[in-house]
Structure formats: C-alpha cells, structure tokens
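The residues making up each chain are set out below.
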Amino acid sequence: MIRAVDVIRKKRDGVPLADDEIDYFLKGCCSGDIPDYQTAAFLMATYFRGMNEKEVFSLTDSMVRSGKVVDLSGIKGTKVDKHSTGGVADTTTLVVCPLVASCGAPIAKMSGRGLGHTGGTLDKLEAIPGMKVSLTLDEFVNIVNSVGISIISQTDDLVPADKKLYSLRDVTATVDSIPLIASSVMSKKIAGGSDVIVLDVKVGKGAFMKDLKDAMALAKMMVNIGETSGRRTVAVLTDMNQPLGRAIGNSLEVIEACEALKGRGPSELMEVCLALGSYMLILAGIAQSFDIASKMLQDALVSGRGMDKLKEMVKAQGGDINALEDYSLLPQAKIKYELKAQEDFYISELDAEKLGLCAMKLGAGRAKKEDKIDLAVGMVINKKVGDYVNSGESVVTIHGNDERLVEEVLPEIKSAVKTSKQKVAKGKLIHAVVQRGLTQFL
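Residues numbered from 1 in each chain as written. Predicted model: local features only at pLDDT ≥ 70, side-chain atom pairs only at ≥ 80, totals over all residues. Heavy atoms only, no water.

(A) Molecular detail of the overall build of the chain. When its secondary structure is counted, the chain shows 16 helices and 14 strands. In terms of overall dimensions, the chain is globule-like: its C-alpha atoms have a radius of gyration of 22 Å, near the 22 Å expected for 442 residues. Taken along its principal axes, the extent of the C-alpha atoms in the chain is 70 × 45 × 40 Å. For the chain, the proportion of its 442 residues judged to be buried stands at 58%. A separation threshold of at least 6 residues defines the contact pool for the chain, and within that pool the share at least 24 residues apart is 77%. (Helix = DSSP H or I, 4+ residues; strand = E, 2+ residues; numbered from the N terminus. Rg over C-alpha atoms; globule rule 2.2 N^0.38 Å. Buried < 20%, exposed > 50% of the residue type's maximum accessible area, 1.4 Å probe, protein only. Contact = heavy atoms within 4.5 Å.)

Structure representation (structure tokens):
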C-alpha cells in the first residue's frame, strides 16, 4: 500500500520514486485526498533533491493524464507548436508563427497569459479590438484548417494537475525547480496535441534560468520529455539579459510585431524569430536544412505573406484587422514620458527583469494571476546595449495612464540602464541548440 508520507520521505532522502508512487501522489493531490501541506512538503523535497529523467517523465505523463488531451487529428499536416520559457519584450510568437504558417506548417497553439515580469501572448492578442482567444476545439481546428494558424487560450480541462501544483509552488518558493518547470511546460505542450515542439529557453537576468548551466539542464530535460512522448522536439537557448525587442507592453508589442512582419523589426528580435522558425520548418519536414528554412522565412517576410497570415488569423478570430495598419485603433496610453540622456554615453546594460517589473507596475502585467492589466501601458526601449547615445536623445519612452505610477517607476527604470564612456560589445543572442543526444553551441 502506497502512503503519501512514504513518498515524501523517499523524495526527502533522495531515493528515486517509482511510476506508481508518482501517479498515486499526483492523483491524490488533485482529488484532495492528499492535503496541501503534504503536497507542499513533496514540492520542497523535490526542489532540494531533484528528480532523475525517468521520474520527470513519469511526473509529466501523470500530469498529462490528469485532464483532457487535445485531439488535433482533424488538422491536416504536421502540427507545430512553439513555447518560450518567458521573457521581456519577447513578441516572437506574433512574428514567427504567422511566418511559419505562411510557409505551409499548420500552427495550432495554446498560449498563456503574462505573470510577473514576463509577458503573455494572449494579453497581447487581446489588445486587438474584437480578438477572441477563447474558442471551442471545433472552432480552433476549423481555423487552423482554413487559415493555417490559430492561437487560443488553454482550456480549463488541460492538465489540471499543473494548475494545482503551480498554485502551491507559487507560495512555497519552489517555482524555480528544473524538474518542476520541465514537467509543467511539457505536460501542457504534450496535452496540446501538436506533433512538433520548438522551445525557446531564455537565459540571463530577465529569465527564470539566470545562468547557462541551469538553462542547458532545463532544455535537455524538456527535449528528452518531448522526444520520449513521441513529439519531435528541439530547444534553442536565447539571451534574456536585456529585453529582446524594443516594446514592453501589450498594445506596444502588437505594434512591434506588425512592424516586424512589414520588414521593420529590431535586428535582435528578427534573429531569434528566424532561428526558431527555421527549426519549426525543419522539424515539420517542410525544409531540409537551416539555410533553406531561413530563406523561406525571409521570402515570406519580404513578400508580405507573413503579415497577410497574421491578418487572416485575426479576422478569423473576430479581431479588427484595420488595427494592424492603423495603430491608433489599438489601446493608447494618455501619458508619454521621454527619459532622455543628460550626457553622451554608450549603453552597457539594460536589466531585462527590472524593466519588465517596471512595465508590470505601470499596469502592463500581473503580480498575481487574478490581477487586471492595462493593455495600453508599457515602454519602448529606444537604445539597446552597445548603442551610442547623444545628450538629449531619448533612451526610453514610458507609456502610462497614471502619473503617480510613472513617477514611481522612473527611478527604477533609470537604475536598470547602465552606461559607459567606452564602446561596449553586443552580447551573444543565441547560445546553443539542444536536440536529443546533440548539443550545438553557437
């Protein structure tokens, strides 16, 4: 007979758990038969003792089976999904997914909302007037079949075990456990039903994984889970020491995504989008090499097919496509404050986490899941690391709807921007690519 206390004791002592022990504990946690205080003890024991690959796969599999697995068999072709572990000014989904779909790979993506200093794709989409992200499965499948792409919210019955565990991880300081992060992310991706999963694993000050070693461990673990579950999976480790794009905030990031699809995107954002998109096309079997895939995406960008695909998706989901051309139709902030340089200098550092938290305090994000957000507010980073700034030039444009909040975040934004009199080199943007049994450092 399995008892919760015995499972906790084994994990506390570093003894690997059997599949039936993990399954028993997870079922009991979800049903309420195992009380929260025992689940909290289990999470803390896992945080300190970790899990081996077999345990992590077993935990992920049990989490997937805790709810409904989405059946995407009604969608023609190899279904492709992309997931980011959370970043700042990271609007890659709204750029790369339409580009990939325009090259012939169906995108059936269930996304999440922003929390803390990281943004959420659904919030950005909801900045578009009329845009619906809560669709039935039939509506979802029909849009992917007719348009080639749909991005919607996760259904309530998708991996309920993850919702239960995360609510406890959030209040027990066990969020940043690599096995728990890996099982949380991959259970939702596997239950989401796609055939191919491309992971954008962020590393740096603005990411959950602050150093390359931890990010690499997480990437390898998630790739192994995906491949063992029969999904073709690759992870790209990308830098998050400074914001990826220039816009932080929901309406502002929609504008940046549209500009990117019109060929006017920031170079760092486009480099990451082309890398992720290339692996999506390769794993989907549409391109035979990275170079071929990259050229296909660039052709879709130059021809405008990517932008057309975004408009098709937005229209199919009830959104006003006029807002993708006339940005005044998107939510607008009442206050625009320019943070200007008082002297000449180079930008040496932009603390992504600090800037993301400042955007959250302005109202662009949530401190707690139930918080409401202001779709109009945020900031635009006018200068990036390595850029030269003349005295009087704007470094950051703050978009706000509350003067008090703008004044409160100003000192924090200033402290997030470090300067130098000497020229500063731009850092590496893509660190490595992880596939099963193969790691390529770039």
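Let's pick the thread back up.
(B) Region of the structure containing the packing of helix α4 (residues 53-64) against helix α10 (residues 212-228). Following both chains from N to C, one finds α4 and α10 inclined at 60°, their axes separated by 10 Å at the closest point. Put simply, α4 runs oblique to α10. The two elements α4 and α10 meet at a crossing, and its hand is right-handed. Contacts between α4 and α10 pair Glu-53, Val-56, Phe-57 and Thr-60 from the former with Met-221, Asn-224, Ile-225 and Thr-228 from the latter. When its residues are assigned to classes, the contact of α4 with α10 shows four nonpolar, three polar and one charged. (Axes fitted to C-alpha atoms, helices over the stretch in contact; angles between N-to-C directions. Parallel < 35°, antiparallel > 145°, perpendicular 65-115°, else oblique. Left-handed = near helix turned anticlockwise from the far one by under 90°. Nonpolar A, V, L, I, M, F, W, Y, C, P; charged D, E, K, R; others polar.)

(C) Seen up close, helix α15 (residues 352-364). Relative to the 18 Å expected for 13 residues at 1.5 Å per residue, α15 spans just 15 Å between its end C-alpha atoms, considerably shorter than the ideal helical length. Within α15 the residues assigned to the buried category are Ala-352, Leu-355, Gly-356, Cys-358, Ala-359, Met-360, Leu-362, Gly-363 and Ala-364. Those residues of α15 hidden inside the fold are in contact with β6 (247-248), α11 (250-264), β8 (345-350), β9 (378-381), β11 (394-400) and α16 (403-416). Two to three positions downstream of the cap, the backbone nitrogen of Glu-353 sits 3.2 Å from a side-chain oxygen, assigning the N-cap of α15 to Asp-351. (Expected span 1.5 Å × (residues − 1). Polar contact = N/O pair within 3.5 Å; in protein donor to acceptor, adjacent residues only side chain to side chain.)

(D) Structural context of the sheet that holds strand β7 (residues 335-340). The antiparallel open sheet is built from four strands, whose spatial order is β6-β9-β11-β7. Strands with a single pairing partner mark the edges of an open sheet, and in this sheet they are β6 and β7. As paired elements, β9 and β11 share four bridges and run antiparallel to each other. Residue pairing in the sheet places Val-380 in a bridge with Thr-397 of β11. Strand contacts of α15: β6, β9 and β11, with the helix running at about 145° to β9, the strand carrying the most contacts. (Pairing = 2+ DSSP bridges.)

(E) How the structure looks around unusual backbone geometry. Positive phi, close to 55°, is recorded for Ala-89, a residue that is not glycine. When you line up the elements, Ala-89 lands in the loop between β1 (80-84) and α5 (92-102). The exposure class of Ala-89 is buried, given its relative accessible area of 2%. One non-glycine residue, Val-159, adopts positive backbone phi at about 50°. Relative to the assigned elements, Val-159 resides in the loop between β3 (149-153) and α8 (160-171).

(F) Summary view of the pairing of β9. Pairing between β6 and β9: two bridges, direction antiparallel. Residue pairing across strands places Ala-247 opposite Val-380, the latter belonging to β9.

(G) Representation of the pattern of salt bridges. Applying the stated criterion across every chain yields a total of 32 salt bridges. Taking the shortest distance from any N to any O, the salt bridge between Asp-123 and Arg-366 comes out at 2.9 Å. With Asp-123 in helix α6 (residues 121-125) and Arg-366 in the loop between α15 and β9, this pair connects stretches of sequence that are 243 residues apart. Across this residue pair, the class does not change: Asp-123 and Arg-366 are buried. (Salt bridge = Lys/Arg side-chain N within 4 Å of Asp/Glu carboxyl O.)

(H) Just the sheet that holds strand β12 (residues 417-420), in detail. The antiparallel open sheet is built from three strands, whose spatial order is β10-β8-β12. Because the sheet does not close on itself, it has two edges, and the strands there are β10 (388-389) and β12. Across four bridges, the pairing between β8 and β12 is antiparallel. From the neighbouring strand, Leu-350 faces β12, where its bridge partner is Val-417. Seen against the sheet, α16 touches β8 and β12 and runs at an angle of roughly 40° to β12.

(I) Seen up close, the environment of Ser-251. Mapped onto the secondary structure, Ser-251 falls in helix α11. Judged by relative accessible area, Ser-251 falls into the buried class, the value being 1%. Dropping the residues within four chain positions of it, Ser-251 is found in contact with Ala-127, Leu-330, Pro-331, Leu-375 and Ala-376.

(J) Highlighting the packing of aromatic side chains. The tally for this structure, following the rule as stated, stands at four aromatic pairs. Ring geometry for Tyr-47 against Phe-48: centres 5.2 Å apart, planes inclined by 90°, an arrangement best described as edge-to-face. Residue class for Phe-48 comes out exposed when judged on its relative accessible area of 63%. Their ring planes at 55° and their centres at 5.4 Å tell us that Tyr-279 and Phe-290 sit as a pair that is tilted. Of the two residues, Tyr-279 sits in helix α12 (residues 267-283) while Phe-290 sits in helix α13 (residues 290-303), which places them 11 residues apart along the sequence. Accessibility expressed as a relative area gives 11% for Tyr-279, which makes it buried. A residue is classified by how much of its surface remains accessible, and Phe-290, at 33% relative accessible area, is partly exposed. (Phe/Tyr/Trp six-rings, centres within 6.5 Å; stacked < 30°, edge-to-face > 60°.)

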